[in-house]
Structure formats: C-alpha cells, structure tokens
Amino acid sequence: MANTIVNNLEVLGSRVREKFGDKIISSDIALDELTVVVDKKDILEVCKTLHDDPDFDFKTMIDLCGVDYSAYGDVEWTTDGATGSGFSRGVSTAGHSDTEGQPSNTTSATTTTGKKGGLVVVYHLLSITHNIRIRLKTLSADPLILDSVVSVWAVANWYEREAFDLFGIMFEGHPDLRRLLTDYGFIGHPFRKDFPISGHVEMRYDADKKRVIYEPVSIEPRTLVPRVIRDDHRYLNEHKKEGNR
Amino acid sequence: MAEIQNFTLNFGPQHPSAHGVLRLILEMDGEVIERADPHIGLLHRGTEKLAETKPYNQSIGYMDRLDYVSMMVNEHGYVLALEKLLGVTPPIRAQYIRVMFDEITRILNHLMWLGAHALDIGAMTVFLYGFREREDLLDIYEATSGARMHATYYRPGGVYRDLPDEMPKYQASKWHSEKEVAKLNENRQGSLLDFIEDFTRRFPTYVDEYETLLTENRIWKHRTVGIGVVTPERALQLGFTGPMLRGSGFEWDLRKKQPYEVYDKMDFDIPVGKTGDSYDRYLVRIEEMRQSTRIITQCIGWLRDNSGPVMLDDRKLTPPPRESMKGDMESLIHHFKLFTEGYSVPEGEAYVAVEHPKGEFGTYVISDGANKPYRLKIRAPGFPHLAACDEMTRGHMLADVVAIIGTMDVVFGEIDR
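We now turn to the structure provided with this report. (Residues numbered from 1 in each chain as written. Chains lettered and ligands numbered in written order. Predicted model: local features only at pLDDT ≥ 70, side-chain atom pairs only at ≥ 80, totals over all residues. Heavy atoms only, no water.)

1. Observations regarding the overall build of chain B
A count of helices and strands for chain B gives 18 helices and eight strands. Taken against the 2.2 N^0.38 rule, which gives 22 Å for 417 residues, the C-alpha radius of gyration of chain B at 23 Å falls within 12% of a compact globule. Considering only C-alpha atoms, chain B reaches an extent of 90 × 60 × 45 Å along its principal axes. The buried share of chain B, taken over its 417 residues, is 62%. Computed over 49 positive and 62 negative side-chain charges, the inter-centroid distance for chain B is 3 Å. (Helix = DSSP H or I, 4+ residues; strand = E, 2+ residues; numbered from the N terminus. Rg over C-alpha atoms; globule rule 2.2 N^0.38 Å. Buried < 20%, exposed > 50% of the residue type's maximum accessible area, 1.4 Å probe, protein only. Lys, Arg positive; Asp, Glu negative; His and termini not counted. Charge placed at Lys NZ, Arg CZ, Asp CG, Glu CD.)

Written out as structure tokens, the structure is:
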C-alpha cells in the first residue's frame, strides 16, 4: 500500500477524478480543502468506494449536514450606489412587508456565483491512515430523496436524522428516519431559509385547561443588523502577506 | 403468576446522571438492556440558525454556550474558521495565549468529567476535589476575560486583550478575616502568569490524589473495566474522535496530526488506550491532564520572554484602541462600522477542526460575502458519541448505562446546539 499514500490534496483530487470519471461534476481545492461535487444518484456508490478502497480509506465520516442555498447572495441593503441615495431607515422582513404595501427590501444580488439553488447535502470525510480530509457535496435536485450512507458509516444514522429534521431531506434506506432535535410533534423544517427565526408556534401552561398548549407566535421577527454584502476585502489581502509575524 | 420480564423504562430527562437533559428510552429484559433510544434536543436552541441572523462577532458568545464546560476551545474552532476565510493569521503572542487557554480549558473539562463520572458511579470525594481546582482555573478565566465561564475572549485576529499583570486578590469581609485572606492570597501576589505557573506546579500532585482515590480502587475497576468496550473498527465506524478514539487504541490527536496555532512547537505525548473500555478512557483522560500541564508550562515560559501585540492591527477587522477613538475621526468611524455592521467575510466555505477536550470540534462556515454567516454547522464531538449509546449499552445492566454515559463525557449544550 506504500505506493497508494495520498498525502496531498492535488493527488487525492486527481485520484478521485481518475476513479470516478464523469460521476464527478466538479472538484476544486480552495483554502486547503478539497470539495468534490457529485450527483445525488451516485452518492452511495462514491461513498462506498471512498470507504473501502485502500487508495482513499476514508474510514470515518466526520460530519453530514444540509445546506439551503435558496437565499444565497440575498441582501437586505444594497450597498452599491447607496452613497448617492442613502440607506433606508429600517429593514422589513419578508413576512412583514406585505402589510406595509411595499415591496420587500430583500433584493437578490446578481448571483455572480450562480450558487443559488436548493438544498444540498455536504459530507466531511476523514482518512486517519492518510491523514487527509475530503468534502463531498451533492448537486441539489428535487425531490429531496437520496440514498442513505448508514450502511457505509454507522455514524451517518444520527446525522441523517438531523438533516431530515432540520431540512426535510429524505434518506432512502435509513433504518429509522425520525426527527431528532425538534420537539415531539413539531411541524416544519426549521433550518430552511423560509422558516422564520422566531418559529410558528409558542407554548405556555394554560391554568384553565391544566396543560401545556401551543399558540401562534405573538412576537414579530425583526432585523437588528441588516445583511449586507461588501467587497472591500482588499485590506484583508494585504495582511495575508504579512501573515505570521 | 406470570412473571413480567420485558419492559420499557424511561430514564431522564431529569435524572441527575443524565448529565443535563438526556432522555433515554430503555427496552429491558429484566435488568439487561436490549435497546437504548436516546431522545435528544431538549436543549436545542438553534444556535446555527441564530448565528445566520447576526454579524460574525456576535456569535462568539454563543460558542461558549455550546459545550459549557470547555468554553474557550469552542470559541477557538469558530474563530479559526473565520480567520481561514478572511485569510488572516493572528499575532504569535495571541497564538500562545490561545494554546495556553485551550489547555487550561482541557483541564477544566476533564475535571468536570472526572468528578461527574465518579459521582455517578458512587465516589463523592473526587467531585469535591475537582471543584477545588476548577475554582483556581475559573479565577484565571475571570482575571483574563472578566467572565468565569462564558469568556468571549477569542476574536478573529487574536484575543481581546493581553494577560493582566496582576492577579486579582481576595478581600477581607465579615466571612473572611484578614488572616484567612492573607493565606488565600499567598499565590496571588504576582502576575497572572505567576499564578498559572504556581497552579501547574501544584496540579500534578492533585492528579496523583485523584488517582489514589480511583485508579486501583476495587469498586471503580468493577464499574469501569470491560464496560462499554468499543473495538477500533467500530470506533471509526461510529465516528469517534478524541479520548473516545484514543481509548480504543488509535494514536490520533489533531494537535499532533493536523497542528494549528503553535501546537507544532509544543512537546507533549498522546496517551493511547488498549482495550477500549471505560477504564482505558479514564486513564487516557487522566494522562491528558498531565500532558496539558506540560503544554501550559511551555506556554508560560514563552509568554514571559516575549511580548507583542495580541490582536491584529487591522481596522477593517479589529476595533481601534479606545484612546485613539477620542481624537481620531477615522478610528471613530471604524469603531462604529465594526460594532454596528461588522465585517464582511469573503465568499467561500471553510471547515476547521480543533482538538476539543471531548474530540474533534468542527466548524463549517459558508459565507456568501455578507456580514453574517450564510450557514454555520457545528460538528459537536459529543453528538456521534451519544449516538453510539445504543450499541455501547446493549447487553449491559441498567447500572452500567450510567457508567457508559459518564465515560462518553456528554454535554447537551453541544449535542443539542
């Protein structure tokens, strides 16, 4: 196995491309991390090979999580050209704006990245023998059903339950796909971007009924600091060079 | 009369050895566990979603509240991920301070774990001993950051302020006479570093004390040897990291294998278990406390000899000093912008792992270039450990469930997030 040691990301990246061919939609290295995107129909097969093949030997799955890309790049204040016209005083949240009869301030920044989309599942794998990590991402697509990897890594069991609970992503072949973190009888998938931060229901003890009851929330979500995108990272890059003083 | 053999038992969430808010549904055959189904989420606060609605710096305080017995290491993971995205490296002095506090935190965590674990199994004294030492360590936290637990001390670009030159002292009151206070203040005469150094000299003998109480203790061995055995293959399958993985025989420690900050300059050993049972994990953690003391000593030596900034001098990321704000317009603007809007992080994604006292603490941040994270995922080490509860307790007795929960070192702040 001496010849198969994968000790840097470029080697690993090219090995992965070699092995899986056109199953790999993209693979790139950014910030010393290798990200490989595969279609969700291939995920189980790719995971199995990454686990079993001594070339890769990813015996541990470190993390699995869902990401909702539906609001990617959305801002509450547009900053370009604001110097002339000034900023608005407040930010109206999406749910609130209808009552004011004004269009929401939420504007979609021209997605220069083209990343905006639906739900994605991200896997972080670790190979202890090669001391290397890889990040697998699925391409988002509806319906939200993909193969479970519990048969490859037992640890995926709870992570997939979590992703199902928080994002509503279904995992086919999961032995026990129940909610994990939210309340018993919870409705909705709270980590999706369209789920309000204050939720839909609140609970209290009702003295008359002598039990805990659920009611629609009485608070309104509000934005304390608007979300803005600024491109002035030029100062930060100077520091990169100074770096380790 | 027919004998009832199988039944379902509800354990927790208000059971003292449920370590917070764990609810376990146990299916039992007599006193033997056939299936354990942990119900978690009773402490779920949606930290990750909450972080999406706040500027980056405002979430540092939430990190303390994840694993609330190893506060600063949580901050470390988050701050490192931001620094990776921002492309900055903190000054070297800040790195040493961080490493020193990481190790202080590791001792804090292991003391809490040891005390609670021993208390669950029936040894009361260790808990009291552990809290005696934790008091000193929490005083160190307080002297540095102003808070005894939720420090919010690490920032992207360094740490919030330099170590104090003076260790705060006890004052006489109607409960403590001048004489008593003078005795309490004996080791607080010098700087904070003097106090920590004094602690590192005392601490190994304290660890010996814990060991005389437990290591050869017959009851302790009966309750831990051969309990919750995890083979190396299963440990990897179950996603174990940290002492849980090392207890099963893997020499795997991110401080050595994927070093961050100045861990590559530190001299320390990784303890490794043999059998993968609760007793081995106990020995591993005890040895880690000794090794942490070694690292702290090395950091103290360096910090004494070298001074320098502890925060980057970058006004787009770190606030200006208060004095300059009084006279300098630009500093005032920078201060205003940083504390209202915050800084924008370049678009990208980063996963950073640190060796948390409980295992690998990972922070996965996705930024779309805004002043708030687009998505933050916390990879809590306790999460996969607790998920293995079912497998580890199967076939054991009810009393061993408590020992197994204890050996996993679970804290619900991080598991439920």
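2. Some remarks on helix H4 (residues 92-121) of chain B
Note on helix geometry: an α-helix contains 3.6 residues per turn, so any two residues three or four positions apart are oriented the same way. Residue and element names in this part refer to chain B. Under the 1.5 Å per step criterion, the end-to-end length of H4 is 43 Å for 30 residues, consistent within 8% with the ideal 44 Å. Burial of H4 is extensive: 27 of the 30 residues sit out of reach of the surface. Looking one or two places after H4, you find Gly122, whose phi comes out positive at around 120°. (Expected span 1.5 Å × (residues − 1).)

3. Topic: the pattern of salt bridges
Counted according to the given criterion, the structure contains 54 salt bridges over all chains. Put simply, Lys59(A) and Asp57(A) hold a salt bridge, and the shortest N to O gap is 3.0 Å. Residue Asp57(A) is classed as buried on the basis of its relative accessible area of 10%. Note that Asp136(B) is salt-bridged to Arg202(B), the shortest N-O span being 3.0 Å. Here the residue Asp136(B) occupies a position in helix H5 (residues 125-145), and Arg202(B) occupies one in helix H7 (residues 192-214), the gap between them amounting to 66 residues. Comparing Asp136(B) with Arg202(B) shows no difference in burial state: the two are buried. Taken together, the salt bridges that share partners define one network made up of Glu103(B), Arg106(B), Arg246(B), Asp253(B), Arg255(B), Glu288(B) and Glu355(B). (Salt bridge = Lys/Arg side-chain N within 4 Å of Asp/Glu carboxyl O.)

4. Thoughts on the interface of chain B and chain A
Of the residues lining the interface, 74 residues belong to chain B; the matching set on chain A comes to 66 residues. With both sides pooled, the region where chain B packs onto chain A buries about 5900 Å², and carbon together with sulfur makes up 55% of that total. The largest share of the area that chain B buries against chain A comes from Lys49(B), Gln237(B) and Tyr374(B), three residues that together contribute 12% of it. Taken together, the links from chain B to chain A amount to 11 salt bridges. Between Arg133(A) and Glu360(B) there is a salt bridge whose closest N-O contact spans 2.9 Å. Applying the counting criterion to the chain B and chain A interface returns 35 residue pairs in polar contact (both at pLDDT 80 or more). Its residues placed into classes, the side of chain B that touches chain A shows 32 nonpolar, 18 polar and 24 charged. (Contact = heavy atoms within 4.5 Å. Buried area = accessible area lost by both parts, 1.4 Å probe. Polar contact = N/O pair within 3.5 Å; in protein donor to acceptor, adjacent residues only side chain to side chain. Nonpolar A, V, L, I, M, F, W, Y, C, P; charged D, E, K, R; others polar.)

5. Quick look at unusual backbone geometry
All names here are of chain A. With phi around 60°, Asp32 is a residue other than glycine that occupies positive phi space. Looking at where Asp32 falls in the secondary structure, it is placed in the loop between strand S1 (24-30) and strand S2 (33-38). Here Asp57, not a glycine, exhibits a phi torsion of approximately 60°, which is positive. As for its placement among the helices and strands, Asp57 is situated in the loop between helix H2 (43-52) and strand S3 (60-68).

6. Focus: the packing of aromatic side chains
Both the distance between ring centres and the angle between the ring planes are used here to describe each pair of aromatic rings. Residue and element names in this part refer to chain B. Using the criterion set out here, one finds 19 aromatic pairs over all chains in the structure. Judged by centre distance (6.0 Å) and plane angle (10°), the rings of Tyr56 and Tyr343 are stacked. Placement of Tyr56 in the loop between helix H1 (47-52) and helix H2 (60-64) and of Tyr343 in the loop between helix H14 (329-340) and strand S6 (348-356) is noted, with a sequence separation of 287 residues between them. Exposure class is identical for Tyr56 and Tyr343. Each is buried. (Phe/Tyr/Trp six-rings, centres within 6.5 Å; stacked < 30°, edge-to-face > 60°.)

7. Overview of the sheet that holds strand S7 (residues 359-367) of chain B
All names here are of chain B. Strand order across the open sheet formed by three strands is S6-S7-S8, with antiparallel pairing between neighbours. Each edge of the sheet is formed by a strand with only one pairing partner; in this case those strands are S6 and strand S8 (375-379). When strand polarity is set aside, the average angle formed by the axes of neighbouring strands in this sheet is 10°. Note that S7 and S8 share five bridges and pair antiparallel. Across the sheet, the residue bridging to Val365 is Leu376, located in S8. In the packing of helix H3 (residues 71-86) onto the sheet, contacts are made with S6, S7 and S8, and the angle to S6 comes to roughly 150°. (Pairing = 2+ DSSP bridges. Axes fitted to C-alpha atoms, helices over the stretch in contact; angles between N-to-C directions.)

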